[in-house]
Amino acid sequence: MIPILKAIGNPGRLKILILLWNGPLNFRTLLDEMDLKKSALANHLTQLKNTGLIEKIQHGTYCLSDDGKKYIYTIGNVFKESKKMKMKRKEIEQRKNLTMSFLERK
């Protein structure tokens, strides 16, 4: 579990996973999108392959593995839910403040 969390926790590798969410990409496209040196991108891809988050489907072309898709999907859902909960808490706090200000007027 720790190697997977370390892989996902790196901003560059997370960006690669997000880019691969829409489908397979070749090394050149990833290189253009990532603004990294070839060796740095190759190292990121190797780490992602070693954790089983991505697969090399042909020479120089990568895609998310089934596990990689599950992790990215789950992270996305947690992030969305977190934003929704934050908005709900803010709305509850605003209602509470409005009620308190109304009650204080009497």
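Treat the numbers as computed from the prediction; the structure is a model and nothing was measured.

Now for unusual backbone geometry. Despite not being glycine, D35 shows a phi value in the positive range, around 55 degrees. As for its placement among the helices and strands, D35 is situated in the loop between α3 (27-34) and α4 (38-50). With a relative accessible area of 71%, D35 lands in the exposed category.

The strand order across the open sheet built from 3 strands is β1-β3-β2, with neighbouring strands paired in antiparallel fashion. Only two strands of the sheet have a single partner each, and these edge strands are β1 (25-26) and β2 (54-58). Across 4 bridges, β2 lies against strand β3 (residues 61-64) in antiparallel orientation. When the bridges of β3 are listed, E55 appears paired with C63.

Take the packing of α3 against α4 next. Closest axis-to-axis distance for the α3/α4 pair is 10 Å, and the angle between their directions is 110 degrees. The angle between α3 and α4 falls in the class roughly perpendicular. The hand of the α3/α4 crossing is right-handed. Seen from α3, the contacting residues are F27, R28, L30, L31 and M34; seen from α4, they are K38, L41, A42 and L45. Taken together, the residues that form the contact of α3 with α4 break down as 7 nonpolar, no polar and 2 charged.

It is worth spelling out a nonpolar patch on the surface at this point. Together, M100, F102 and L103 give the surface a local cluster of nonpolar side chains, amounting to about 300 Å² of exposed area. Here F102 is to be found in helix α5 (residues 66-105).

The subject of this paragraph is a positive patch on the surface. A grouping of K83, K86, R89 and K90 is seen on the molecular surface, where their side chains present a positively charged patch. As for its position among the elements, K90 is in helix α5.

Bringing the environment of F79 into the picture now. If you trace the backbone, F79 turns up in helix α5. A relative accessible area of 54% places F79 in the exposed class. Sequence separation between F79 and L45 is 34 residues, and the spatial gap between their C-alpha atoms is 24 Å.

Criteria and cut-off values
- Residues numbered from 1 in each chain as written.
- Predicted model: local features only at pLDDT ≥ 70, side-chain atom pairs only at ≥ 80, totals over all residues.
- Heavy atoms only, no water.
- Helix = DSSP H or I, 4+ residues; strand = E, 2+ residues; numbered from the N terminus.
- Buried < 20%, exposed > 50% of the residue type's maximum accessible area, 1.4 Å probe, protein only.
- Pairing = 2+ DSSP bridges.
- Axes fitted to C-alpha atoms, helices over the stretch in contact; angles between N-to-C directions.
- Parallel < 35°, antiparallel > 145°, perpendicular 65-115°, else oblique.
- Left-handed = near helix turned anticlockwise from the far one by under 90°.
- Contact = heavy atoms within 4.5 Å.
- Nonpolar A, V, L, I, M, F, W, Y, C, P; charged D, E, K, R; others polar.
- Patch = residues over 30% accessible without salt bridge, like charges linked within 9 Å, V, L, I, M, F, W, Y side chains within 5 Å.
- Areas by Shrake-Rupley, 256 points an atom, 1.4 Å probe, with all protein chains shown as cover.
- Salt bridge = Lys/Arg side-chain N within 4 Å of Asp/Glu carboxyl O.
- Lys, Arg positive; Asp, Glu negative; His and termini not counted.
- Charge placed at Lys NZ, Arg CZ, Asp CG, Glu CD.

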